[in-house]
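# Descriptive analysis of the structure
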Amino acid sequence: MAKTSDKPDLSGLTEEAVFLAETLLPDAGAGFADQRLSVADVLAKADVVLDTNVLLLPYRAGTSSLHQIEAALTPLRDDGRLFVPGRVAREFMRLRPAKLAELLQALSDQSSRIVAPEDPAYPLLKDLPEYRALVDAVASLGDARAAFIKAVRSLRDTILSWEGNDPVSVAYSRLFTPACIRDPMFDKSEVLKDLRRRVEHEIPPGYKDAAKSDGGVGDLLIWWTILELARERKRPLIFVTGEEKSDWQHRSGGRGFLPRFELVDEYRRASDGAAFYIIQMSELLELLQVEDSAVEEIKQEEQRSRETTLELVACPNCESAVEVELGHSIGSSAMPKCAACGARFHAHRSGEGVFARARGGAPRVDGVADVKVDCPYCAAGVSVLIGRNFMDSALPTCTSCGERFHAHRARDASVFTRRRGDRPPGTPDQVPSASADAD
């Protein structure tokens, strides 16, 4: 009987896969030729390229930090060494509304958490001075709450009136002149060919984003822009980014600490020997001697961004695109609220990417309905966009009294409401309080 061979089958190997190390590092001695200088030593002559996540950091920082960032980067701009890739500019424009929406939602959530106590109704105690003091205190709290809600509404109106001219965008319009924006017209077929090659062989950057709908081409377009600068200017280049995935940096202890060696050598070859660096925004600000308070504020935002990433998912109720902050690790989840239909849903990160599911997990009926309900605070009629499925919910705001309240779809397809903080007086199918007439 012939013995079956246990030798591996190499017939499917390609030349590129076998000699990938030689392709990525064609000059074996280049790594020993020159001593690599520190970022501080090259900053005075290096080009600086900013990533999208860096441009978004000031949205959660103070205006003082924003002004200091602008002041610190202006000399680099005036020296012709500050650059924003075209892909970064486009991603900033796409994500900027989500940052403003996040701010508006935070204001709404803050005002809705302020609940004044109800007036005490104990006639037996009305002659006691302590009871009258309690009644006066409750009235004062009610007045203070009304003033607070009015102030929040006024602030929201101001933000909405910006119409895109928010403080960060205005600062960037001053800082980034047309000369700063580098937007080469790359051959799309060549970009796609290189993207497929890098994903297949796990060549940085971008292969970690291959599960995205665009195959992770954003990182590659940024890298191609960096290589274009390398060939043209032949200078050291500092890429300022919060990106720490392993397709950009070598990692240790959950953090990036050095650019991938493939990127360093590819930049060296494109620039005729110049060095490539990756640093955080806070590190650049420290090198530019920005005030400690601003540096610390940016560090805090970098830490928050490091723990999550912004993903675009489709709402399972109305299919609108929703930006979701989600942890990097597989199994991370969030429960965002769709701005279009008002419903909350589950978002999860799996090994295959990010997916969304409706709350309850039962088979879903597509779409939402416009339902008229009574505000549980003032009984005014309120129109609510709510999903058509049992246990769908919404958190509308009454246009009469300004209170936010819960609306729920019952099992019989009717909708009932309740005040925030109150427990439902029974199961959803027991307490219908509104018709389910759809528009």
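A brief report on the enclosed structure follows. (Residues numbered from 1 in each chain as written. Predicted model: local features only at pLDDT ≥ 70, side-chain atom pairs only at ≥ 80, totals over all residues. Heavy atoms only, no water.)

Bringing the pairing of strand 1 (residues 47–50) into the picture now. Of the two faces of strand 1, both are covered, the one formed by Asp47 and Val49 as well as the one formed by Val48 and Leu50. The sheet contact formed by strand 1 and strand 4 (residues 237–240) spans four bridges and is parallel. Note on strand 4: the bridge partner recorded for valine 49 is phenylalanine 239. In this sheet, strand 2 (residues 82–85) lies alongside strand 1 in parallel orientation, the contact comprising two bridges. (Buried < 20%, exposed > 50% of the residue type's maximum accessible area, 1.4 Å probe, protein only. Helix = DSSP H or I, 4+ residues; strand = E, 2+ residues; numbered from the N terminus. Pairing = 2+ DSSP bridges.)

Bringing the packing of helix 6 (residues 63–78) against helix 9 (residues 167–175) into the picture now. Direction vectors running N to C along helix 6 and helix 9 enclose 15°, while the axes themselves pass 10 Å from each other. Relative to helix 9, the element helix 6 is oriented roughly parallel. Between helix 6 and helix 9 lies a crossing of right-handed hand. On helix 9, the residues touching Leu66, Glu70, Leu73, Thr74 and Arg77 of helix 6 are Pro167, Val168, Ala171, Arg174 and Leu175. Taken together, the residues of the contact of helix 6 with helix 9 break down into six nonpolar, one polar and three charged. (Axes fitted to C-alpha atoms, helices over the stretch in contact; angles between N-to-C directions. Parallel < 35°, antiparallel > 145°, perpendicular 65-115°, else oblique. Left-handed = near helix turned anticlockwise from the far one by under 90°. Contact = heavy atoms within 4.5 Å. Nonpolar A, V, L, I, M, F, W, Y, C, P; charged D, E, K, R; others polar.)

This part is about the packing of aromatic side chains. Evaluation of the coordinates by the stated rule reveals eight aromatic pairs. Between tryptophan 223 and tryptophan 248, the ring centres sit 6.2 Å apart and the planes meet at 80°, which makes this aromatic pair edge-to-face. Taken together, the positions of tryptophan 223 in helix 11 (residues 217–233) and tryptophan 248 in the loop between strand 4 and strand 5 (249–252) put the pair 25 residues apart, joining distant regions of the chain. Assigned by exposure class, tryptophan 223 and tryptophan 248 land together as buried. Between the aromatic rings of tyrosine 267 and phenylalanine 276, the centroid separation amounts to 5.7 Å while the plane-to-plane angle is 35°, which identifies the pairing as tilted. An aromatic cluster of at least three residues, connected via ring pairs, comprises Trp223, Phe239, Trp248, Tyr267 and Phe276. Across from the ring centre of tyrosine 277, 4.2 Å away, lies the NZ or CZ of arginine 36, which sits over that ring. (Phe/Tyr/Trp six-rings, centres within 6.5 Å; stacked < 30°, edge-to-face > 60°. Lys NZ or Arg CZ within 6 Å of the ring centre and 35° of its normal.)

Scope: geometric values only; no functional claims are made or implied.
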